[in-house]
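Secondary and tertiary structure notes
Here are the chains, one letter per residue:
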Amino acid sequence: MTNGDTMVEHKLDAEGADQLMLTGVNDANVQELHRLFSVRAVLRRDQVLLSGSVEAIERAVPVVKHLIELARLRVPFDTPDIARFAEGMDAMGVDGVVSPTDDVRIALPGSRRVITPKSEGQRRYIQSIASNDVVIGIGPAGTGKTYLAVACAVDALYKKRVRRIILARPAVEAGENLGFLPGDLQEKVDPYLRPLYDSLEDMMPQDRVQRALEDRTIEIAPLAYMRGRTLSDAFVILDEAQNATTAQMKMFLTRLGLNSRVVITGDKTQIDLPRKVDSGLLEVERILTGIEGISIVYLDAKDVIRHRLVKDIIRAYERADESEGEDDIEASGEGNGRA
């Protein structure tokens, strides 16, 4: 038998760790460790006993140590997070996993929630928001672009760093043409703004959200409503920015007032405008690079925090797009040859 096939046992000190948090409901975390590393994990009093091949134990130990540290500090994590920790460890070693002691944790009063970055990309994103006036977050669905931006906005409001939060979205995919929808104007735009309401209600008590909306401490509106305004002393988020036209994006960015922060989020793979080249997100990515005070942060499949299948789906589409691009190049070459 090779060294990698030798079965070994390894003990880890888990004193002070929350045992339910560590093992997961119905031992879900233990089962995930077995799925990822082919190791058997058993919690005995204040120790975690790992058994498996030498290679499997070597890969599993740093991840389990990280879980124990989180459980000691009572920092919540979900079962799908374990796969992200493992991927980060494989790619970058211990530097590939976000430390729970980082100062990028966001504690939200009233909701008893502590929001922490779950990947290196998310950590860079939160740190950029804290240190820049304008941050552009670009990445696929599920990477936390909007959710973390809203968390930073709520945190800034609670700490009185800003007086209001303004959340904007292009109201519909192509040109904000709402006439075909039933109801008054508010009823027409609400379905497009619902994800922003959902994020807020996940972080603040519902009655406080309602009061803040009524007294306009928090405003959620279509992007078109920003025209002609100066957004001072505010935390402003433009979501789904890939569907803002170049003219709308320029209009939005020039609304920036004193003591304002702006976060722009978008996914370049989901542009619904009639012509993709008209996307304001693509233009700002090209022309605003290198300006002091403006940061562009890229998130990718490694930062996806939804169901683990979402990451696989995103990668499958990326492979399909790459394959289509290669086919187009080959077809173009063949055509040139015939000519």
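For the structure, see preceding data.
A quick note: this is a predicted structure, and the numbers were derived from the prediction, not measured.

Side note on the overall build of the protein chain
- Looking only at helices and strands, the protein chain has eleven helices and eleven strands in total.
- Classification of the 339 residues of the protein chain by burial places 46% in the buried group.
- Entry remark: accessible area of the protein chain is about 17,900 Å², with carbon and sulfur atoms responsible for 49%.

Some remarks on the sheet that holds strand S2 (residues 40-44)
- Pairing in this open sheet of three strands is antiparallel, and the strands run S1-S3-S2 from one edge to the other. Each edge of the open sheet carries a strand with a single partner, namely strand S1 (7-13) and S2. The mean angle between the axes of side-by-side strands here comes to 20 degrees, regardless of whether they run parallel or antiparallel.
- As defined by bridge partners, S2 adjoins strand S3 (residues 47-53) across five bridges and the pair is classed as antiparallel. Residue pairing across strands places Leu 43 opposite Val 48, the latter belonging to S3.

Considerations on the packing of helix H9 (residues 246-253) against helix H10 (residues 280-287)
- Where H9 contacts H10, the two axes come as close as 7 Å, and the packing angle between them is 60 degrees. Here H9 lies oblique to H10, going by the angle between them. The handedness of the crossing between H9 and H10 comes out as right-handed. Along its contact with H9, which presents Thr 246, Met 249 and Leu 253, the element H10 presents Gly 280, Leu 281, Glu 283 and Val 284.
- Residues that form the contact of H9 with H10 fall into these classes: four nonpolar, two polar and one charged.

Points about the pairing of strand S7 (residues 164-169)
- The buried fraction of S7 amounts to five of the six residues, a majority that puts the element mostly inside the structure.
- With five bridges connecting them, S7 and strand S9 (residues 234-238) associate as parallel partners. Considered in S9, the bridge of Ile 165 is made with Phe 235.
- The pairing of S7 with strand S8 (residues 218-222) spans five bridges and is classified as parallel. If you follow Ile 166 over to S8, its bridge partner there is Glu 219.

What counts and what doesn't
- Residues numbered from 1 in each chain as written.
- Predicted model: local features only at pLDDT ≥ 70, side-chain atom pairs only at ≥ 80, totals over all residues.
- Heavy atoms only, no water.
- Helix = DSSP H or I, 4+ residues; strand = E, 2+ residues; numbered from the N terminus.
- Buried < 20%, exposed > 50% of the residue type's maximum accessible area, 1.4 Å probe, protein only.
- Areas by Shrake-Rupley, 256 points an atom, 1.4 Å probe, with all protein chains shown as cover.
- Pairing = 2+ DSSP bridges.
- Axes fitted to C-alpha atoms, helices over the stretch in contact; angles between N-to-C directions.
- Parallel < 35°, antiparallel > 145°, perpendicular 65-115°, else oblique.
- Left-handed = near helix turned anticlockwise from the far one by under 90°.
- Contact = heavy atoms within 4.5 Å.
- Nonpolar A, V, L, I, M, F, W, Y, C, P; charged D, E, K, R; others polar.

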